Structures are given as structure tokens and as C-alpha cells.
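Structural features, examined
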Amino acid sequence: MLAVMQTNMGEIEDSTVRPKVTDAKGILKQNRQFLDYFWDIAKPEREIRLKAVEDLIEHLKQSEKPDELQYSLKRLVDGLSHTRDDARSGYSVALAQLLSVFEEISLKSTLDSVKEKHNLQTAKKKFIRNAAFGNFFGVLALSQSTRLHKEPQVVLECVRLLQSLSQYREHLRDLPRKTMVDILSETSKEVFEEVLLSALQSDLTSALNTPEQLELLLVALQKFPSVLKPKKLKKLLGTTAVITKENMPKLVEVLKTAARSVKKENILPPVAFDLLQVSLREDNFEMFWNEAIIKGMLSEMPGPTHYLSFRLLGACLPLLSVAQLEFVLSADVMTHYGQHMLSAQLADRFKFAPEMEKYVSEFMQGCADADKQLVVALGFTQLTNQGYPVVPSCWKDLEHMGLSALQKYVEWLMEAFCKPQLEKCLDFSTRRQKGNQETEAESDSCVARFRKWIILRLTFIGENHQIKKREDLVMKLARFIFFHAFFDVKKPTPEIPETTQALSVPIDQQTRAAISSAFYGLLQGLNTMAVLGDSAEAERRTLGVKADGSMWIYCVVQYATMLLDQSKHVQSVQTLSPEQRQGWDSMLGSVEALRKKARKSSSPEHSAFQHLFLLVGIQIFKAPEESLELLNDLRTCMEKAQAKKSKKKKANGKSSEEEPHWVEVVVEILLSLLSQPSRLTRGVCKAVFSRICPHLTQEALSSILDVLDPNKDEDESGVMVTDEKKEKKKIHKEEEERDEEEDDDVEDEDGSDSSSDDDDDDEDEAMEEGEEVDQNFRLDLMKVLQGQNALATEEDGSDEEELDDAAMMKLDGSLSALFLEQKKKIQAKKDEKDRLRKEKVLVRDFKIKVLVVVVLLLSKQGSSALVLGMVEPLLSVIENGMSSETSQQEQDFLRKAADIFRNRLCRGKYYCREINGREAELHDMLERLIGRAQKLTDSSVSLYYFSAALYLLKVLRGVVSERDSANAPSTPSELRLMGKVDVERVTTCFRNALTSFMTKRKSPLTGAMFIDLFSRFPVLCVNLLDTAVESITAGVREHQQGQACAVVLRALQSKDVKNLMSDAQSTELHQKVVDQLAKSFEDVQCKNKTVREKMVKALELCQHLVRVVHSQKLQVNLELLQKVLKSMNAEGSLQKPGQLEDTYWSVMKLFGVLKPKMEKVKKVVEAEQTEETTRKKKKKGFLPETKKRKNRKKPTVLEGKETPASTETAGGASGEEGKKKKKKNKKRKQQGGEEEGTRNQPATKKAKTQQQQQKKKKKGGQQEADGK
């Protein structure tokens, strides 16, 4: 076909009738690459379009052919009206670049060609949109060519064309007006005054009608103020200024139109911001804000007009003075913004808060005036809803606030806390709140809400590391919050600045609790805060300390001591008992002693105890009894640690065995503290543990791992039981007294449902404890009945004797007491179940917290030998979690444990390198792990055991594994270095595992595990390659055979494996693999998916082998493999598209055999042609011969003779016979339809229909029998 077409094209070109070929077509025929530029310009990808424009311009520069330039200009002008937006913009950019580079092209002629090509007058109705876009993008290209301002007449024509395009707003929207504004901003004063002013006279005169025309006027005013003087404005608008009371109604309507036009874009219209700037230039800002924004825009329902007002509020902040900022931030716009903040909390509501935060953030960053920053911060703080500020307390815009402004703002917050003046705030209430409003109680609640928010804001300022602040300000915040959380003022004193500001309204109990929790949150932030200021850069890594090295928590404790000593001026909210005060003083003495020792010689032991003492001591204001007990434990622990140090020289063996190490005691204290719900406590526990990690002992680590060990729940429950008892001491003192009352309440509440509950409880009880409970209860019941002679026996002759009333009442009392006792037993069992469930939840939550300690240990001491003892406990946790319950808490615990094991331990950057004397122990552990991995049923758990074995291998190999990828060793001697690994023993272990994987049908091991082993340890890979190669054909199933191919492929691709083997060994190995592959390909039938997957992996291995043999010219015989591969496609079954087929033909291509081409198109065409011919031959309205019925009983008529008898039978008797046949046919059809219906129906429906048919048959048979 192609040859015929080429000959035909040649004949056409050689014919004399054909007209001459234009230059453009000749260029296209000669240069295909030149044509591709225009195709790329129209593509949707922006990068491709820009690259094509650059290449086109560069090509035209180098070629210097006028024909190509003219064609490019024509082609780009034609593409301006393309149907796709991306193509139009691409052609416009290309045309602009073409006009800017080649200045010999006239702008006037280009504009004329645009008008001519995209003529709106002659265009058809369906092409009007494309023509309008063609004109617009043509003018846009001229304006972007940077040559338009040089030709004023062209500028005038462009403006007039844009004016004419304004009537096509449904297609172009406001694009023509925006382009006119851009042209105006680039034109000179002379061109505007001489050329454009007269052309824009009508638009400027009607500037107050549409946003586009007003924006045009505002841009002209900003660009050419000397041309558009007040006298000129008087002629255009009738007023000498834009912002006047006469123009205000029209301006409001224009702003409303602009707000609705950007409803979907969510942006500030430029005309609104330009009007704001004009009002500032004309000194009419307050009139504009009151009349246009408050009375005009906010008079509408909440929607686009309100959002435009909010955007103007945010955009005007950098332009206003301090007085103007105070005026704006106290006006009705802020009130409406607050109401929007409340209503936007509902779901599916538009939220403007992120935009406003962005505006304020930009203002804070760009404003250096502290007074303006303070006014803005106070303006948003004083916007309150019944006392509670609308802006969240965690306001990130404060991060850009200056130091002086922040200092003033904090002082204002503290004063507002002590003396709240809500009347100065911009407070508002919703309609519902106004209906439920009260006077005195409402005002008190407003004060409490305002104080809670202030405390949260002060806490945020103190603990946020991004806010720049000084140490004295942070300490001032901590002192203020601590004082009002735990102390009251008796008498003001200058020694305590917090007492000088009297409270106008006393602090209620709920507010005090909120302040207390906020203080401990602030203390947590201070403990993790870096050193403030530019000094002490060397100490920046130390967290929780000041520039002088003292801890923040120590400074707070000193301030608390001062307050406790000033009992005349200050009173504690919770009075400390003498024992508690003595504990506080002893804690201070211990801290001071530790500080003195730390000055002499810094030790982590000293800092750890110091942290713990300060932490537990500061908790005495919140929980005095618990803190006192913990302080005593800490004191004894520290004394033991000091005593051990003093006796270390004298007693070496016995004393160390009798008394635990100080680290062990500290770890137990930390574990007990971790069970508390305080975030501060947990944070300080982390800090203390990170400091004592280098001194951790095996016994201390064992106490941590015992908590996580699932096989030691009874042993480790002691930790939780003690904590639970401590927690229950407070609660159960009151609850134990009310147990009987609660039981009675439960009985009363059960009511009528008690019988059903009892039945259910009895059933549960029978399920749990068997028949003994029923028997015991039955015996008790029998005893009660027999005691009252109410139980009938065989000796009783009759039932005539009845009990009297007194006996019946006594019997009822005995029965009720018996059943009440039984009910209490059932309730006690229920309570025990509930208690066990809650205890289990507490234990699991405690274990999750302990995992954080494990993470700290691995991050701080990942190279310690103690880490090796964590492998098996973590694996037991993971294995037990996989097989246990599936609650959310259990899943979180399992996920964290698995993440720690996989990412922190096995893949950690640092690992143990000192294993002297532990080689045998680690080898035994490795064998245990591999053996356990083979016995499991879950592959995911087996993967963790296998990863642990590889981790132990890495530890045994040692520093040899620490190599740079660029400087990897290439010599076999360096590669064979395996450190302290017993290669033979480990190889035997992994060979058994590999053999188990390849020979067992259900093995938890996977091929990915051995691929990881081969890639990380090439020495073991070389030793195990023979087993893997044999498994290509010896695998028990196709899956194992495919995995063997994948493992062998990964081994052959490794450069390290290649370096470890000699040339002879490599050749022999390749020959073995080729032979195994040839055997695996013999008599293969792709029956199912697993076989196809196996074939794909085998062909991938085959492809690699053939490439290596051909490239390295190895002496490997590939003839047998080639024959087997050719025989696989003997029937042509591998010519369809697919992964298997593609891989097969990629292998055959290496042997020089190409995939035959499929002639699908010709067959389809031939089939269509045959169908068309058969359709033409068929006659419409006639049945084919095969569909016609044959009348078998039709009488045969001889030539020239008539058979009247036959005609009579055909006419008379045939009528009756025909009726009978029709009835028989109907019956057959009905039966056949029922059979087909039952065939197509599902099993249940089919059974039902068969049953119905059988019933019908039975009924028919019965009727026949009855008839007989």
C-alpha cells in the first residue's frame, strides 16, 4: 500500500495539471523538525511548550530563511484561536518572542493579519468564541513583545480592539480590561495624553459603572496624575475627587460587583485595593471605610461582600498609621469577622481565618514599628465572644513580633488577667447567646473565660521556640503563672512583683486548675528549650538550661521556696503539712548538695538525681502525698549510690551482689513515674533516662524488658499494681464506704430487666464455671425449701397441706436473701472482669510508654553490648502481638514495637562492635532465630526473626561492613573478611533454611529474605549458590522454583559475588544455571498464574545469562537452551502481548530471533468485506433457507392430476390436527422455558422452583386419583 501511495504521489507531483507548491509546503516537506516545533508549542505540558518556543526562535536565528520566518508568523497567528487554552497561550507566547527578537516584522501588519484571520464579523456563530480569543491573544502577544510602546498608532488600535472585545464578556470575562491596564502601565505620559486619552474618553467617563472601567481610571490616576488633574476629573466624573459622598453609592455597587466576580477565586479584586489607596491619597480613608465598607458592603448578607471587607482589612494593615489601625480594628468589620469565626467552626463552612493569619503574618514580618505591631496584636486579642477571644491562643503570627512589642504585649496580658476590663474589648454575642444572657453570673463567667485564654496565650509565648524572647521575659511568665496557680496575696510587697497587682475578681477553682495544668505544660516546654540569645553557642545542644547553666526548673523551685518563706505576704492555696514542708526542705538540701558535687566533677548521676528531685518536688503543690513518698524513695536511692561509691574500694564482691546498683533503683523510679498521666513527668523521665543511659547495667535493662515481656505478665504486674494502688488510694477511700449503696442503686436501676439480666448472668456463669455453680445454688435453694417444709417429697401423700402466712413470709425472706446473695456474687464477678479489663488497658498503656525508653536507649547507646539482649524480648513481643487480640491499643503497641525493632535496632546507624567472649552466645542465638523462623506459620513474623539473624551477622562481622560505597573493596581477600563469623556453621544454618524453604509446601520463609541475605553477605551467597541453582528444578512447587530463579539472578548480578569467584568457577556456575533452565523449560504448559510467574522469573534469569555470556564471551554452551526456547513457541502461543511473551521475545532477540509481526488489520478488513458482501446478497424481508420450516406431511402432487381426497383431508382434518400440534408445541415451549429458567437461576431459586414443580405434580396426581 505504501509503495502504491508513493507512486501515486510521484505521478501527481510530475503531472502538469497540479499547481505550483508554495514555499511553506516546500519547507514542511524538507524539514520535519521545523514542523515539530509547532506541535510541541500546542502541547498541554508547560515545560514542553517553553522549550519548543526557545528551540523555534533559535532555529529561526540560525537558519536566516525569510520563508521559514513568514511561515512561522502565519502559523502562530493561526494558532491563536486554537480550541485548547494551553495551545492558545503557547502560540501567544511564541508570537510575542518572535516579534521581540525579529524587529523587522511590523507590528501593524501583524495586528492586521490577526484581525483578518480572526474576523469577528465574518466568523460563524460556533467559531465566535475562538475568534474572540484569537484577537485577544494577538493583542496580548503584541503587548508582551516589548515593542508596543514604540508605535503609538498600534497601541491605539490595540486599545480599540480590546474595547470592542468587551462585549464578549461571557467568553473573555475581564481579560480585555486587564490587558488595557497593563498597556496603560507601560505607556509613556506623552503617548497617553496625545493618543490614548481620546480613545479612552468613554471608558473614563463611565468609570463608576463597572469594576473594569473604574480600575482603568484608577490605574491612569496612579500612572499619570499630572494628566488627570482635578479639573480633568471634574469633566470626566463630575467631581474633583474619586472618594466623595456623591460617588459613594456608585462605588459601593462597583465593589459589590467586583466581590461577586471573584467569588470562586477567593482573592482581593485589584479595583478594591486601588480604591483603598486612592482614599489614603485623598485623605478620605475614614469616610471610605464607614460609608463604603461598613454601611455598604456589610449591609449585605454574609458572603462575598463580607469576605472582600475582611480582605481589605488584612491588606490595609501595612498602609495605615497607628490611629488608623486603632480605628479599623475597633470597627464593625472586626465584629463581623468574629461572628464569621464562630460560624465557620461548623463543618463544610468556608473559613477565612487562614487568609487573615497570612495577612497579619506578612504585616508582622514587614513592619518594624513596635507600636503598630502592638496595636494589631491587641486588636485581635480584644475581639471576644462573651469574654473569650476569637483568635486561638496558639497564634503563629506572634513568631514575627519584635522584642519590645512582645514585652509590652506580655505586660498588657498580665494586667488584663489581674484586672479584666471587658468593656474595652470588642465583645459580641450571637443571637442564641443574647437570648440566654444573664447579668452577674454571665459577667463572672466571661472573666473566667478571658483569664483562661490569657494563661494559654502566655504559656504559648513561653514554650514556643520560634518566638524570639529574652530569658527575663520567660522567667517572668513562669513566675506569674506559678504564683496564680498555687498562691494567693495576703499583703502586697515589692519583693514579689506578682503581689503588687491586686485581683479585681477572685480566681475561681476551675480557673485555678486550668492555670495549674498550664504551668506544668510550660515547665515541659522549658525543659526542652534551647539556650536563648546569641551567647553560649557551645551550650545550645543542652536543653532545659539558661545561659549561665542553671536549669529552668531549678529557678522555678527557688521562686517557690521564696514564696513559701513569705508567709506574711503570700498564702498557699493548698497548705502544706509539716511533714510535707520538711520533705520540701530536705529536697532543697539534696539538690544543693548535688549542685556542689556537680561543680567539682560533672557526672550524669548528679544531674539525673537533681532532675528527679526537682521534678518530684515541684509536684508537691499538685499531689503532696505522692510527691512526699517519691522524695523519700529518691533520697534513699541517692544515699545508697553515695554509700556504694565510698565503700567501693573496701568491698568489691559481696556488697555489690547484696545491694542493687544506683542505676537500677533510678530506673525503677523512672518506670513508676512513667505510669503517671503527667506530660511533664514523662518528659523529665525521658531527659533523666537519656543522661543515665551510658551507666545502664544488665539488671537495669532486664527490669525494663521484663515490663515488655508478654510471658512475665504476673511478675511485671507488680509495677502496675503498685501504681494502681497508689492511684486508687484517693478514690477507694470514698468508694469503699459507698460500695453497699452503689450495689443497692444497681439493684433499683435494673428494675424489670433484672430477671433477664440474671438469666444472662446465669448463662455466662454456667459457661465459665460449669455446673458447680448451679449445683451449689440448687443445694442452697433445696436447703431453704426443706427447712420450711415447702418442698414436696415422695413421703407426702397429697398436696392438701399448705403453709400458713407466717411460714410463707419467712420462706419469702429466706428466698429473697438467697437470691440477693447470688446476685451479689454475679455482680462481683462482673466487677472483677471489668477491673481486669481496665488493668489490662493500663498495663498496655504503660508498656507503650516504656517503648519510648527503649527508643532512647537505642538512639543513645546503640553501640552498647546491652542492645544484644533486647533482640529476643522484642521478637517475643512482636510474635505475641501478632497472635493476640486486635484492639486499637494492642495494634498501636505492636506497630511501635515493630517499628523500633526494624528501624531503630536492625537498621540503626550504630550497632555493637565489642563482642569479645560472646561469639558462641551470638552464634547460638542466630541458630535459635533461624530455627524459630522456620517453625512459625506467619511469614510476617518470620521476617522479623530472619532480620534479627541478619543483624547478628552484621554484629559478628564487625567493622568490615562499615565501608563507603565509593571505596568498596574489590579484591577477594578483602571481601572474604567476615570478622568473628563462623562461616561454616552459619552457612550450614542458612543452607538448611534455604532447603526447607525450597522443599516444604507451606514454609513461612520467603525469597525476599534470601535475596537480602545474598546482597548483604556475598561470602554466604557464594556458599549457598549451589543449593539455590539446584532448586530451580528441585523446588517442590512452581512458586519455589520461581523464587530460586530470582535468588540466583540477584546473586549473579552482584559484583562482589563475581569478584569472589574465579573465572573457571564463574563459567561452571553459568553452565549449571543454563542446564537447570533448559530442564525447567522442557514440557512447560502455562496452565495457571503461578506457572506464568515462574516462567517470567526464569526467562529474566535466562536473559541475564545470555547477555553475560555474549558480552564476556564465556565458554558456555547455549544450544540446548536455544532449542528448548524455540520449541516453546512451536504452536505460536507466545505471540500475544503480555509480560511473559515480551520477556520471551526479548530473550529470543539475543539469539537473533525476532518476534513475527501479526497481520491483524488485514484479517479485520477481509472479515468486514466478507460481511458487507453477505449483507448485500441477502434480501430484506425473506428468511434464509436454514430458518424456513419444512412441511413434512405435505401431499405430493403428480403432474397434470388432482387429488380431491387429499385436498379434503388437508382442508378438513388438517384443522383438528393443527390445533393439537399447537397445543403440544405450547406445552413443550412452557416446559423448555421452565427448564431453561431453572438452569439460569441460582441454586436456591432452582431448588425452590423444582419443589414447586414437584408439588404441582403431586397435586395433579391427587386430583386424578380423586377423579378416578
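A few points on the structure. (Residues numbered from 1 in each chain as written. Predicted model: local features only at pLDDT ≥ 70, side-chain atom pairs only at ≥ 80, totals over all residues. Heavy atoms only, no water.)

1. Describing the pattern of salt bridges
Put simply, the rule is: When a carboxyl oxygen of Asp or Glu is within 4 Å of a side-chain nitrogen of Lys or Arg, the pair counts as a salt bridge. Per the convention used, a helix needs a DSSP run of H or I reaching at least four residues, while a strand needs a run of E reaching at least two, with both numbered from the N terminus.
One pass over the structure, following the stated rule, counts 34 salt bridges. Between glutamate 411 and lysine 476 there is a salt bridge whose closest N-O contact spans 3.9 Å. Of this pair, glutamate 411 sits in helix α24 (residues 403–418) while lysine 476 sits in helix α27 (residues 471–486), and the two are 65 residues apart along the sequence. One continuous salt-bridge network, built from bridges that share partners, spans Lys108, Asp112, Lys115 and Glu157.

2. Regarding the packing of aromatic side chains
Stated precisely, the cut-off is as follows: Planes of paired rings set the category: under 30 degrees apart is stacked, over 60 is edge-to-face and the rest tilted, where pairs are Phe, Tyr or Trp rings (Trp by its six-membered ring) whose centres lie within 6.5 Å. Each residue is placed in one exposure class: buried if its accessible area under a 1.4 Å probe, protein chains only, is under 20% of its type's maximum, exposed if it is over 50%, and partly exposed if it falls in between.
A complete count under the given rule lists 33 aromatic pairs for this structure. Look at phenylalanine 482 and phenylalanine 621: their rings are 5.3 Å apart centre to centre, the planes differ by 85 degrees, and that puts the pair in the edge-to-face class. Residue phenylalanine 482 is located in helix α27, and its partner phenylalanine 621 is located in the loop between α31 (604–618) and α32 (624–646); the two are separated by 139 residues in the primary sequence. Of the two residues, phenylalanine 482 and phenylalanine 621, both sit in the buried class. Arranged with centres 6.1 Å apart and planes meeting at 65 degrees, the rings of phenylalanine 486 and tyrosine 520 form a pair that is edge-to-face. Placement of the pair is phenylalanine 486 in helix α27 and tyrosine 520 in helix α28 (residues 509–527), with a sequence separation of 34 residues.

3. Overview of the sheet that holds strand β2 (residues 388–389)
Threshold: A pair of strands is labelled paired if DSSP reports no fewer than 2 bridges between them.
The mixed open sheet is built from three strands, whose spatial order is β2-β1-β3. Two strands close off the open sheet at either side, each with one partner strand: β2 and β3 (426–428). As defined by bridge partners, strand β1 (residues 383–385) adjoins β2 across two bridges and the pair is classed as antiparallel. Paired with asparagine 385 across the bridge in β2 is tyrosine 388.

4. Looking at helix α42 (residues 871–883)
Rules: To estimate how far a helix should extend, the number of its residues minus one is multiplied by 1.5 Å. We call two residues in contact whenever any of their non-hydrogen atoms come within 4.5 Å of each other.
Taking 1.5 Å of rise per residue, 13 residues should cover 18 Å, and α42 covers 19 Å from first to last C-alpha, within 8% of that figure. Among all positions in α42, only Val871, Leu874, Leu875, Ser876, Val877, Ile878, Glu879 and Gly881 are buried. Tucked into the core, α42 has its buried residues touching α36 (698–708), α43 (888–906), α44 (919–935) and α45 (939–957).

5. Structural notes on a positive patch on the surface
Keep this limit in mind: To count toward a patch, a residue needs a relative accessible area above 30% and no salt bridge. Like charges then connect within 9 Å, nonpolar side chains (Val, Leu, Ile, Met, Phe, Trp, Tyr) within 5 Å. The Shrake-Rupley method, run with a 1.4 Å probe sphere, supplies the accessible areas, and residue values consider only the shown protein chains as cover. The charged-residue count follows a simple rule in which Lys and Arg add positive charge and Asp and Glu add negative charge, with His and chain termini not counted at all. Lysine's charge is taken at NZ, arginine's at CZ, aspartate's at CG and glutamate's at CD.
A cluster of basic residues, Lys189, Lys229, Lys231 and Lys235, forms a positive patch at the surface. Structurally, the position occupied by lysine 235 is in helix α15 (residues 230–237). According to the relative accessible area criterion, lysine 235 is exposed, its value standing at 68%.

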